[in-house]
Amino acid sequence: MWTDEEMVAACHSIELARWQDAFEGLLGRIEGRFARVEPRRRAARLVLGLLADLPRKNCWTIAEWAGETTPDGMLHALGRAKRDADQVRDDVCGYVVEHLHDDRAVLVVDETGDVKKGTGTVGVQRQYTGTAGRIENSQVAVYLVYAGKRGHAAVDQELYVPRSWTSDPDRCRAAGLAEETTSATKSELATRMVARFLDAGHQAAWVARDEVHCGNPKLRTALEERGTGYVLAVACLPEVTTGAGKFRADILAKKCPSGPGRSSPQGPGPRATASTTGQSSTSPTHAPGSRQLLIRRNRSTGELAYYRCYSPASVPLTVLVTVAGARWRVEEFFQSGRCLAALDEHRVRRCTSWSRWVTLAMLAHAFLAVVRADEHTRPAPDALIPLTSNKIQRLFITLVVRPVHDTAHRLGWSNWRRRHPARSQASHYRRQATQE
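Calculation notes
Residues numbered from 1 in each chain as written. Predicted model: local features only at pLDDT ≥ 70, side-chain atom pairs only at ≥ 80, totals over all residues. Heavy atoms only, no water. pLDDT = per-residue confidence, 0-100. Helix = DSSP H or I, 4+ residues; strand = E, 2+ residues; numbered from the N terminus. Contact = heavy atoms within 4.5 Å. Axes fitted to C-alpha atoms, helices over the stretch in contact; angles between N-to-C directions. Parallel < 35°, antiparallel > 145°, perpendicular 65-115°, else oblique. Left-handed = near helix turned anticlockwise from the far one by under 90°. Nonpolar A, V, L, I, M, F, W, Y, C, P; charged D, E, K, R; others polar. Core = buried A, V, L, I, M, F, W, Y, C linked by side-chain atoms within 4.5 Å. Buried < 20%, exposed > 50% of the residue type's maximum accessible area, 1.4 Å probe, protein only. Pairing = 2+ DSSP bridges.

1. Let's talk about the confidence of the model for the protein chain
(1) Moving on: Summarising the model, the protein chain shows a mean pLDDT of 83, and 86% of its residues fall at 70 or more.
(2) Moving on: Confidence, expressed as mean pLDDT per element, reaches its minimum in the protein chain at strand S9 (residues 272–276) with 53 and its maximum at strand S4 (residues 152–159) with 96.
(3) Moving on: The model gives residues 259–272 a pLDDT under 50, and that stretch makes 33 contacts with residues more than four places away or in other chains.

Encoded structure:
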């Protein structure tokens, strides 16, 4: 909790009106995507609710916090209201690139899973998720994060729909999936998102990915054809073709001449020493450029990590190491997106509702990332560190939004919460009586 002295000092050191103007400007970018004014206003309240300091965030708690008398309007805005979530997603992408622009930006692709119960939630099945660190009944999505010098934020997302779903048309129909939906691998989803980003006219110097998804060469093919550099982690099992022949990555590492490696700033990940092999001829295309195998040794454990690298022109080792280290930015997004914007707190079953919730969570996180980047361009007062996204979120909700509700509003919601299960209980008993 903030003390009164800290709050006063923060108020003197920032211009809260600037934050409010930035938020209204962001909402102005998406207002044309709604067919009616009511869903547009509720979408704004949903974004504020995602940023609010609530112990749990769903349509019920956000509707109460936003001053509505029931959650019906919020549920309608997520599920049935007419709007194009893909267009809102594209608006978020444009907002991030415009405000966090960096000529040497890295697009980082990674997946995250949300543990779920039951079988009705779209895309759910028993599968491995890094969130739990094991195989769980979960829903998995792949995200694309724009990482630059000023900050990072998500610009795209795709839900992974397993074959257990696409092979069951009735199940897909119940979850709101289109009839033409087919099962795409996570690597194919990554390729689709990167292509969508570049086709929109945005620029990124590099693409980085985790080794889990790099067995498919489609992403490398697409990037080399576009002349976009990449640093893609690979396991040690695949063979790497070089001028001296084909070798497994771990065997090739032992054949490299021993010598001092070079280190480079790598973000919050484990510190490592890196080196590269000579020019590699491994390529899904014949596009000109420099191809290398980057080998990175963890200084603490001695564990080796391997990366396929491509650049249209030869670059120093330090550049490749920096790009490899940028992969940790997506982990930071997952952490802050969950803590600050309720990225994983969606309690919805259908595909449309999931897409809209996640897109608005990305928008909320992007707002914090842009405000933080702008604040860091201004010198902080003496004895104060620069504002973090956490502090910006709390100050914005507490001092700019300041939701205030009277006793009647609180009692009304208490009665509604008691009345809703009472109706459900009565309906259950009536249904049982008719079946007997």
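So, next bit.
2. Observations concerning the packing of helix H2 (residues 16–30) against helix H14 (residues 351–375)
(1) Moving on: One can describe the packing of H2 onto H14 by two numbers: an axis separation of 11 Å at closest approach and a directional angle of 140°. One element, H2, and the other, H14, form an angle in the oblique class. Note that H2 runs across H14; the crossing there is right-handed. Contacts from Arg18, Trp19, Ala22, Phe23, Leu26 and Ile30 in H2 reach Leu363, Phe367, Val371 and Glu375 in H14.
(2) Moving on: Residues that form the contact of H2 with H14 fall into these classes: 8 nonpolar, no polar and 2 charged.

3. Here's the deal with the packing of helix H3 (residues 37–51) against H14
(1) Moving on: For the pair H3 and H14, interaxial distance at closest approach is 9 Å and the crossing angle is 65°. For the crossing formed where H3 meets H14, the hand is right-handed. The residues of H14 that touch H3, namely those facing Ala43, Leu46, Val47, Leu50 and Leu51, are Trp357, Leu360, Ala361, Leu363, Ala364, Phe367 and Leu368.
(2) Moving on: For the contact of H3 with H14, a count of residues per class yields 12 nonpolar, no polar and no charged.

4. Structural notes on unusual backbone geometry
(1) Moving on: Of note, the phi angle at Ala342 is positive, near 55°, even though the residue is not glycine.
(2) Moving on: Assignment of secondary structure puts Ala342 in the loop between helix H13 (328–341) and H14.

5. Focus: the nonpolar core
(1) Moving on: Formed by 111 residues in total, the largest nonpolar core has its most connected members in Tyr143, Tyr146, Phe197, Val231, Leu294, Phe367 and Phe396.
(2) Moving on: Looking at this core element by element, the count peaks at 15 residues for H14.
(3) Moving on: Residues Phe247, Leu252, Ala253 and Ile295 belong to the second largest nonpolar core, which totals 9 residues.

6. Some points on the pairing of strand S10 (residues 290–298)
(1) Moving on: The element S10 is largely enclosed, with a buried count of 7 among its 9 residues.
(2) Moving on: In the sheet, S10 pairs with strand S11 (residues 304–311) via 8 bridges, with the strands oriented antiparallel. Residue pairing across strands places Gln292 opposite Cys309, the latter belonging to S11.
(3) Moving on: Once S10 ends, the chain turns through 5 residues before running back antiparallel as S11, passing Gly302 with a positive phi of about 80°.

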